[in-house]
Amino acid sequence: MRWTCVAILAAAVVSAPLQGAGGVEVKVNEASKRVDVTIDGKPFTSYIWPSTLKKPVLYPLRTANGTLITRGFPLDPRPGERVDHPHHVGMWLNHGDVNGLDFWNNSDAIPAAQAPKMGTIYHRKIVEAKSGATQGELTVETAWMTPDNKQLLKETTHFVFRGSADSRTIDRVTTLTALDQKVVFKDSKEAFLGMRMTRALEQPADKAEVFTDASGKATAVPVLDNKGVTGKYISSEGKQGDEVWSTRGKWTMLGGTVEGEPVTVAILDHPSNVGYPTHWHARGYGLFAANPLGDKQFNEAKDFNYTLEPGKSVTFKYRVVILGGATTPERIEREYQTFVK
(Lines give C-alpha, C1' and ligand atoms only; values in the text may rest on other atoms or scores of the structure.)
Protein backbone atom coordinates (compact mmCIF):
# COMPACT_ATOMS: atom_id res chain seq x y z
CA MET A 1 0.00 0.00 0.00
CA ARG A 2 1.46 3.33 -1.04
CA TRP A 3 1.79 6.19 1.36
CA THR A 4 0.71 9.70 0.43
CA CYS A 5 2.32 12.99 1.38
CA VAL A 6 0.30 15.34 3.52
CA ALA A 7 -2.07 17.61 1.66
CA ILE A 8 -0.42 20.74 0.30
CA LEU A 9 -1.65 23.85 2.03
CA ALA A 10 -2.14 27.18 0.38
CA ALA A 11 0.39 28.78 2.71
CA ALA A 12 3.02 27.55 5.13
CA VAL A 13 1.70 26.54 8.55
CA VAL A 14 4.30 26.97 11.28
CA SER A 15 3.68 25.52 14.72
CA ALA A 16 4.18 27.41 17.93
CA PRO A 17 7.30 26.45 19.91
CA LEU A 18 6.85 23.70 22.45
CA GLN A 19 6.58 24.62 26.09
CA GLY A 20 9.66 23.44 27.99
CA ALA A 21 12.35 21.17 26.62
CA GLY A 22 10.27 18.09 25.77
CA GLY A 23 9.09 16.94 22.37
CA VAL A 24 10.17 17.67 18.83
CA GLU A 25 10.31 21.30 17.75
CA VAL A 26 10.41 22.30 14.07
CA LYS A 27 11.27 25.99 13.89
CA VAL A 28 11.19 27.91 10.60
CA ASN A 29 13.59 30.77 9.89
CA GLU A 30 12.87 31.90 6.33
CA ALA A 31 15.26 34.86 6.55
CA SER A 32 18.18 32.54 7.30
CA LYS A 33 16.97 29.92 4.77
CA ARG A 34 16.69 27.17 7.35
CA VAL A 35 14.34 25.10 9.49
CA ASP A 36 15.86 23.88 12.75
CA VAL A 37 14.80 20.63 14.40
CA THR A 38 15.38 20.03 18.10
CA ILE A 39 14.40 17.01 20.18
CA ASP A 40 13.95 17.40 23.93
CA GLY A 41 15.61 20.79 23.60
CA LYS A 42 18.74 19.44 21.88
CA PRO A 43 19.70 20.26 18.27
CA PHE A 44 19.19 17.36 15.86
CA THR A 45 19.36 18.67 12.29
CA SER A 46 18.35 21.56 10.04
CA TYR A 47 16.76 21.74 6.61
CA ILE A 48 18.81 24.40 4.81
CA TRP A 49 18.84 25.98 1.35
CA PRO A 50 21.75 28.46 1.22
CA SER A 51 22.65 29.98 -2.15
CA THR A 52 26.05 28.25 -1.96
CA LEU A 53 24.42 24.83 -2.42
CA LYS A 54 22.75 23.42 -5.53
CA LYS A 55 20.05 21.56 -3.61
CA PRO A 56 18.40 21.76 -0.18
CA VAL A 57 19.88 19.38 2.40
CA LEU A 58 19.54 18.24 5.98
CA TYR A 59 22.71 19.41 7.70
CA PRO A 60 24.24 18.46 10.02
CA LEU A 61 22.94 15.22 11.54
CA ARG A 62 23.55 14.41 15.21
CA THR A 63 23.10 11.49 17.59
CA ALA A 64 20.83 11.72 20.61
CA ASN A 65 23.92 12.77 22.59
CA GLY A 66 24.62 15.58 20.13
CA THR A 67 27.61 13.97 18.39
CA LEU A 68 28.01 15.11 14.78
CA ILE A 69 27.89 12.21 12.30
CA THR A 70 28.01 14.08 8.98
CA ARG A 71 31.08 15.68 7.41
CA GLY A 72 31.57 19.41 7.95
CA PHE A 73 33.20 20.28 4.58
CA PRO A 74 32.44 22.42 2.63
CA LEU A 75 30.13 24.38 4.95
CA ASP A 76 32.01 23.95 8.22
CA PRO A 77 35.38 22.22 7.62
CA ARG A 78 36.93 20.32 10.52
CA PRO A 79 40.56 19.29 11.03
CA GLY A 80 41.50 15.97 9.43
CA GLU A 81 38.50 15.77 7.10
CA ARG A 82 38.66 14.88 3.44
CA VAL A 83 37.90 17.77 1.10
CA ASP A 84 36.85 15.78 -1.97
CA HIS A 85 33.40 15.84 -3.61
CA PRO A 86 32.19 19.30 -2.47
CA HIS A 87 28.66 18.34 -3.57
CA HIS A 88 28.44 15.78 -0.72
CA VAL A 89 26.74 17.84 2.00
CA GLY A 90 24.73 16.42 4.90
CA MET A 91 21.80 14.34 3.62
CA TRP A 92 20.24 14.93 0.21
CA LEU A 93 18.24 13.36 -2.64
CA ASN A 94 19.01 13.86 -6.33
CA HIS A 95 20.29 12.09 -9.46
CA GLY A 96 23.24 12.24 -11.83
CA ASP A 97 21.43 12.05 -15.17
CA VAL A 98 17.95 13.53 -15.56
CA ASN A 99 17.20 14.31 -19.20
CA GLY A 100 20.96 14.50 -19.67
CA LEU A 101 21.52 16.95 -16.79
CA ASP A 102 23.66 16.14 -13.74
CA PHE A 103 21.95 17.13 -10.50
CA TRP A 104 24.23 14.99 -8.30
CA ASN A 105 27.65 16.57 -8.98
CA ASN A 106 26.62 20.22 -9.18
CA SER A 107 28.37 22.61 -6.78
CA ASP A 108 30.09 25.98 -6.71
CA ALA A 109 33.32 24.12 -7.52
CA ILE A 110 32.11 23.11 -11.00
CA PRO A 111 34.08 24.88 -13.79
CA ALA A 112 32.03 27.40 -15.74
CA ALA A 113 32.36 25.27 -18.87
CA GLN A 114 30.50 22.43 -17.10
CA ALA A 115 27.59 24.59 -15.92
CA PRO A 116 25.38 23.91 -19.00
CA LYS A 117 25.45 20.18 -18.10
CA MET A 118 24.26 20.70 -14.53
CA GLY A 119 20.82 20.80 -12.96
CA THR A 120 19.87 22.64 -9.76
CA ILE A 121 17.18 21.90 -7.18
CA TYR A 122 15.69 25.10 -5.74
CA HIS A 123 13.70 25.35 -2.52
CA ARG A 124 10.33 26.91 -3.39
CA LYS A 125 8.29 26.92 -0.21
CA ILE A 126 7.58 25.43 3.16
CA VAL A 127 4.16 23.84 2.89
CA GLU A 128 3.83 22.84 6.55
CA ALA A 129 5.98 22.75 9.68
CA LYS A 130 4.58 21.09 12.77
CA SER A 131 6.04 20.41 16.20
CA GLY A 132 4.72 17.72 18.54
CA ALA A 133 5.22 15.72 21.70
CA THR A 134 6.43 12.59 19.87
CA GLN A 135 7.33 13.76 16.38
CA GLY A 136 7.89 16.81 14.24
CA GLU A 137 6.92 17.17 10.60
CA LEU A 138 8.10 19.31 7.72
CA THR A 139 6.70 19.40 4.18
CA VAL A 140 8.54 21.35 1.50
CA GLU A 141 8.22 21.97 -2.22
CA THR A 142 11.27 22.20 -4.48
CA ALA A 143 11.88 22.57 -8.21
CA TRP A 144 14.34 20.59 -10.36
CA MET A 145 15.54 23.19 -12.86
CA THR A 146 17.58 23.19 -16.07
CA PRO A 147 20.47 25.67 -16.60
CA ASP A 148 18.14 27.77 -18.81
CA ASN A 149 15.60 28.00 -15.98
CA LYS A 150 13.04 25.46 -17.19
CA GLN A 151 11.44 23.27 -14.54
CA LEU A 152 11.63 19.52 -15.17
CA LEU A 153 10.21 18.20 -11.90
CA LYS A 154 8.12 19.38 -9.01
CA GLU A 155 9.23 17.76 -5.77
CA THR A 156 7.11 17.54 -2.63
CA THR A 157 8.95 16.06 0.36
CA HIS A 158 7.50 15.22 3.75
CA PHE A 159 9.96 14.71 6.61
CA VAL A 160 9.05 13.15 9.96
CA PHE A 161 11.53 13.55 12.83
CA ARG A 162 11.46 11.40 15.97
CA GLY A 163 13.78 10.65 18.85
CA SER A 164 14.32 8.83 22.13
CA ALA A 165 17.04 8.73 24.77
CA ASP A 166 19.39 6.83 22.43
CA SER A 167 17.93 7.23 18.94
CA ARG A 168 17.00 9.65 16.20
CA THR A 169 14.99 8.84 13.06
CA ILE A 170 14.08 10.66 9.87
CA ASP A 171 11.39 9.52 7.46
CA ARG A 172 11.70 11.07 4.02
CA VAL A 173 8.74 10.65 1.64
CA THR A 174 9.47 12.35 -1.67
CA THR A 175 7.05 12.66 -4.60
CA LEU A 176 8.51 13.72 -7.96
CA THR A 177 6.11 14.95 -10.64
CA ALA A 178 7.02 15.53 -14.29
CA LEU A 179 5.60 18.74 -15.69
CA ASP A 180 5.05 19.35 -19.43
CA GLN A 181 7.68 16.98 -20.81
CA LYS A 182 8.85 13.41 -20.37
CA VAL A 183 11.55 13.02 -17.72
CA VAL A 184 14.06 10.18 -17.93
CA PHE A 185 16.28 9.15 -15.02
CA LYS A 186 19.04 7.44 -16.95
CA ASP A 187 20.87 4.50 -15.35
CA SER A 188 23.54 6.14 -13.16
CA LYS A 189 25.59 5.26 -10.12
CA GLU A 190 25.43 8.90 -8.98
CA ALA A 191 22.14 8.75 -7.05
CA PHE A 192 19.83 8.89 -5.04
CA LEU A 193 19.32 9.33 -1.28
CA GLY A 194 22.79 10.18 0.00
CA MET A 195 24.71 11.16 3.12
CA ARG A 196 28.35 12.12 3.61
CA MET A 197 29.61 10.82 6.94
CA THR A 198 32.12 12.26 9.38
CA ARG A 199 35.73 11.05 9.19
CA ALA A 200 35.38 8.59 12.11
CA LEU A 201 32.61 6.73 10.25
CA GLU A 202 34.69 6.20 7.14
CA GLN A 203 36.20 2.75 6.66
CA PRO A 204 39.97 2.54 7.24
CA ALA A 205 41.83 2.67 3.90
CA ASP A 206 45.38 1.64 3.01
CA LYS A 207 45.60 3.03 -0.52
CA ALA A 208 44.71 6.11 -2.52
CA GLU A 209 41.70 5.82 -4.81
CA VAL A 210 40.33 7.69 -7.81
CA PHE A 211 36.57 7.88 -8.40
CA THR A 212 34.99 9.02 -11.65
CA ASP A 213 31.64 10.77 -11.64
CA ALA A 214 28.86 10.51 -14.22
CA SER A 215 30.38 13.31 -16.35
CA GLY A 216 33.75 11.56 -16.51
CA LYS A 217 35.52 13.82 -14.02
CA ALA A 218 38.04 11.92 -11.90
CA THR A 219 38.48 12.80 -8.21
CA ALA A 220 41.51 11.51 -6.31
CA VAL A 221 40.79 10.38 -2.74
CA PRO A 222 44.14 10.20 -0.95
CA VAL A 223 45.15 8.00 1.97
CA LEU A 224 44.82 9.83 5.26
CA ASP A 225 45.84 8.94 8.80
CA ASN A 226 43.46 6.16 9.87
CA LYS A 227 43.63 7.04 13.56
CA GLY A 228 40.08 7.07 14.92
CA VAL A 229 38.59 5.82 11.63
CA THR A 230 36.25 3.00 12.64
CA GLY A 231 33.39 2.69 10.14
CA LYS A 232 32.08 -0.60 8.74
CA TYR A 233 29.12 -1.28 6.45
CA ILE A 234 26.85 -4.31 6.91
CA SER A 235 23.90 -4.95 4.60
CA SER A 236 20.66 -6.84 5.18
CA GLU A 237 22.06 -9.57 2.92
CA GLY A 238 25.13 -10.11 5.11
CA LYS A 239 27.63 -8.24 2.93
CA GLN A 240 30.30 -6.38 4.90
CA GLY A 241 32.76 -3.56 4.30
CA ASP A 242 33.63 -2.78 0.69
CA GLU A 243 31.61 -5.81 -0.46
CA VAL A 244 28.40 -3.85 0.19
CA TRP A 245 29.03 -1.43 -2.69
CA SER A 246 26.78 -2.08 -5.73
CA THR A 247 24.88 -4.97 -4.10
CA ARG A 248 21.16 -4.94 -3.38
CA GLY A 249 19.60 -4.98 0.06
CA LYS A 250 16.55 -3.75 1.94
CA TRP A 251 18.77 -1.90 4.40
CA THR A 252 22.40 -1.15 5.16
CA MET A 253 23.93 -0.10 8.46
CA LEU A 254 27.18 1.80 9.08
CA GLY A 255 28.68 1.35 12.52
CA GLY A 256 31.67 2.93 14.25
CA THR A 257 32.83 5.09 17.14
CA VAL A 258 32.68 8.90 17.01
CA GLU A 259 34.36 10.90 19.78
CA GLY A 260 34.17 7.86 22.03
CA GLU A 261 30.49 7.20 21.33
CA PRO A 262 29.45 3.96 19.58
CA VAL A 263 27.19 5.00 16.69
CA THR A 264 25.16 3.17 14.07
CA VAL A 265 23.52 4.86 11.08
CA ALA A 266 21.14 2.85 8.90
CA ILE A 267 19.22 3.63 5.72
CA LEU A 268 16.04 1.59 5.25
CA ASP A 269 14.49 1.06 1.81
CA HIS A 270 10.73 0.62 1.39
CA PRO A 271 9.14 -2.23 -0.62
CA SER A 272 6.96 0.22 -2.56
CA ASN A 273 9.99 2.05 -3.99
CA VAL A 274 10.97 1.72 -7.62
CA GLY A 275 13.99 -0.58 -7.91
CA TYR A 276 13.44 -2.26 -4.53
CA PRO A 277 15.60 -3.64 -3.02
CA THR A 278 17.93 -0.78 -3.75
CA HIS A 279 21.58 -0.89 -4.79
CA TRP A 280 24.00 0.53 -2.22
CA HIS A 281 26.36 3.27 -3.37
CA ALA A 282 28.31 2.85 -0.12
CA ARG A 283 31.92 4.01 -0.34
CA GLY A 284 34.58 3.57 2.29
CA TYR A 285 35.52 7.25 2.15
CA GLY A 286 32.18 8.24 3.70
CA LEU A 287 29.58 8.38 0.93
CA PHE A 288 26.54 6.38 2.10
CA ALA A 289 23.74 6.27 -0.48
CA ALA A 290 20.77 4.17 -1.56
CA ASN A 291 20.48 4.09 -5.36
CA PRO A 292 17.51 2.25 -6.91
CA LEU A 293 18.17 3.68 -10.40
CA GLY A 294 21.54 2.34 -11.50
CA ASP A 295 21.36 -1.33 -12.50
CA LYS A 296 24.01 -1.49 -15.24
CA GLN A 297 26.27 0.92 -13.38
CA PHE A 298 26.21 -1.59 -10.54
CA ASN A 299 27.25 -4.52 -12.72
CA GLU A 300 23.85 -5.87 -13.73
CA ALA A 301 23.17 -6.90 -17.33
CA LYS A 302 20.75 -4.21 -18.47
CA ASP A 303 20.29 -0.46 -18.15
CA PHE A 304 17.44 0.70 -15.96
CA ASN A 305 16.19 4.00 -17.36
CA TYR A 306 13.16 5.13 -15.36
CA THR A 307 10.70 7.36 -17.22
CA LEU A 308 8.01 9.73 -15.98
CA GLU A 309 5.53 10.80 -18.64
CA PRO A 310 4.23 14.40 -18.50
CA GLY A 311 2.02 14.91 -15.46
CA LYS A 312 2.93 11.58 -13.86
CA SER A 313 4.40 11.14 -10.37
CA VAL A 314 6.52 8.67 -8.44
CA THR A 315 7.02 8.46 -4.67
CA PHE A 316 10.09 7.23 -2.78
CA LYS A 317 10.07 6.45 0.95
CA TYR A 318 13.13 6.03 3.17
CA ARG A 319 13.90 5.95 6.86
CA VAL A 320 17.26 6.94 8.37
CA VAL A 321 17.94 5.56 11.86
CA ILE A 322 20.73 6.91 14.10
CA LEU A 323 21.42 4.81 17.18
CA GLY A 324 23.77 5.19 20.12
CA GLY A 325 25.50 2.21 21.72
CA ALA A 326 26.46 -1.14 20.22
CA THR A 327 23.90 -2.20 17.60
CA THR A 328 23.40 -5.52 15.85
CA PRO A 329 21.98 -6.34 12.41
CA GLU A 330 19.08 -7.96 14.25
CA ARG A 331 18.21 -4.61 15.82
CA ILE A 332 18.23 -2.94 12.41
CA GLU A 333 16.04 -5.70 11.01
CA ARG A 334 13.50 -4.97 13.77
CA GLU A 335 13.67 -1.27 12.89
CA TYR A 336 13.06 -2.23 9.27
CA GLN A 337 10.03 -4.38 10.09
CA THR A 338 8.55 -1.49 12.06
CA PHE A 339 9.16 0.86 9.15
CA VAL A 340 7.50 -1.29 6.50
CA LYS A 341 4.42 -1.87 8.67
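Rules used throughout
Residues numbered from 1 in each chain as written. Predicted model: local features only at pLDDT ≥ 70, side-chain atom pairs only at ≥ 80, totals over all residues. Heavy atoms only, no water. Helix = DSSP H or I, 4+ residues; strand = E, 2+ residues; numbered from the N terminus. Rg over C-alpha atoms; globule rule 2.2 N^0.38 Å. Buried < 20%, exposed > 50% of the residue type's maximum accessible area, 1.4 Å probe, protein only. Contact = heavy atoms within 4.5 Å. Areas by Shrake-Rupley, 256 points an atom, 1.4 Å probe, with all protein chains shown as cover. Lys, Arg positive; Asp, Glu negative; His and termini not counted. Charge placed at Lys NZ, Arg CZ, Asp CG, Glu CD. Core = buried A, V, L, I, M, F, W, Y, C linked by side-chain atoms within 4.5 Å. Polar contact = N/O pair within 3.5 Å; in protein donor to acceptor, adjacent residues only side chain to side chain. Salt bridge = Lys/Arg side-chain N within 4 Å of Asp/Glu carboxyl O.

**Q** Sorry if this is basic, but what is going on with the overall build of the chain here?
**A** A count of helical and extended segments in the chain gives one helix and 21 strands. Here the chain has a C-alpha radius of gyration of 19 Å; the compact-globule value for 341 residues is 20 Å, and the two agree. Principal-axis analysis of the C-alpha atoms gives the chain an extent of 55 × 50 × 40 Å. Expressed as a percentage of the 341 residues in the chain, the buried residues total 56%. In the chain, 60% of the contacts between residues at least 6 apart in sequence involve partners at least 24 apart. Split by element, the accessible area of the chain, about 14,000 Å² in all, is 52% carbon and sulfur. Distance between charge centres in the chain, computed from 41 positive and 38 negative side chains, equals 2 Å.

**Q** Looking at this structure, I do not really get the nonpolar core. What am I missing?
**A** If you look at soluble globular proteins, the nonpolar side chains tend to sit buried side by side. If you look at the biggest cluster of nonpolar residues, it comprises 58 residues, and the most contacted ones within it are L138, L153, F161, F185, V265 and F288. The leading source of residues in this core is strand β21 (residues 313-324), at five residues. Residues I48, L53, W104 and A289 belong to the second largest nonpolar core, which totals eleven residues.

**Q** Could you clarify how one ought to interpret the side chain of S107 in this entry?
**A** Structurally, S107 can be placed in the loop between β6 (91-95) and β7 (120-130). Polar side-chain contacts of S107 include one of 3.1 Å to the backbone nitrogen of A109. Leaving out residues up to four positions away in the same chain, S107 has contacts with K54, P86 and H87.

**Q** Would you mind going over the pattern of salt bridges with me for this structure?
**A** Side chains that differ in charge, positive against negative, can pair when their charged atoms come close. With the rule as written, the count across this model stands at 17 salt bridges. Ionic pairing is found between R172 and E155, a salt bridge with its closest N-O pair at 2.8 Å. Here E155 lies in strand β9 (residues 151-163) and R172 lies in strand β10 (residues 167-178), a separation of 17 residues in the sequence. Accessibility assignment for this pair places R172 and E155 in one class, buried. Salt-bridge contacts for E335 lead to R331; the nearest nitrogen and oxygen are separated by 3.2 Å. One end of the pair, E335, and the other, R331, are both in helix α1 (residues 329-340), four residues apart, so they sit about a helical turn from each other. The exposure class assigned to R331 is partly exposed, which follows from its relative accessible area of 25%. One salt-bridge network, held together by shared partners, links R82, R199 and E202.

**Q** Looking at this structure, I do not really get unusual backbone geometry. What am I missing?
**A** Generally, phi is negative for residues other than glycine and the peptide bonds are trans, each holding for most cases. The omega angle of the peptide bond from A191 to F192 is 15 degrees, so this bond is cis rather than trans. The topology assignment puts F192 in strand β12 (residues 191-196). Of note in the backbone geometry, S246 takes a positive phi value of approximately 80 degrees without being a glycine. The residue S246 is located in the loop between β15 (232-235) and β16 (251-258) in this model. Overall, the relative accessible area of 12% leaves S246 in the buried class. Of note in this structure, E259 is not a glycine but carries a positive phi near 50 degrees. Here E259 is to be found in the loop between β16 and β17 (261-269).

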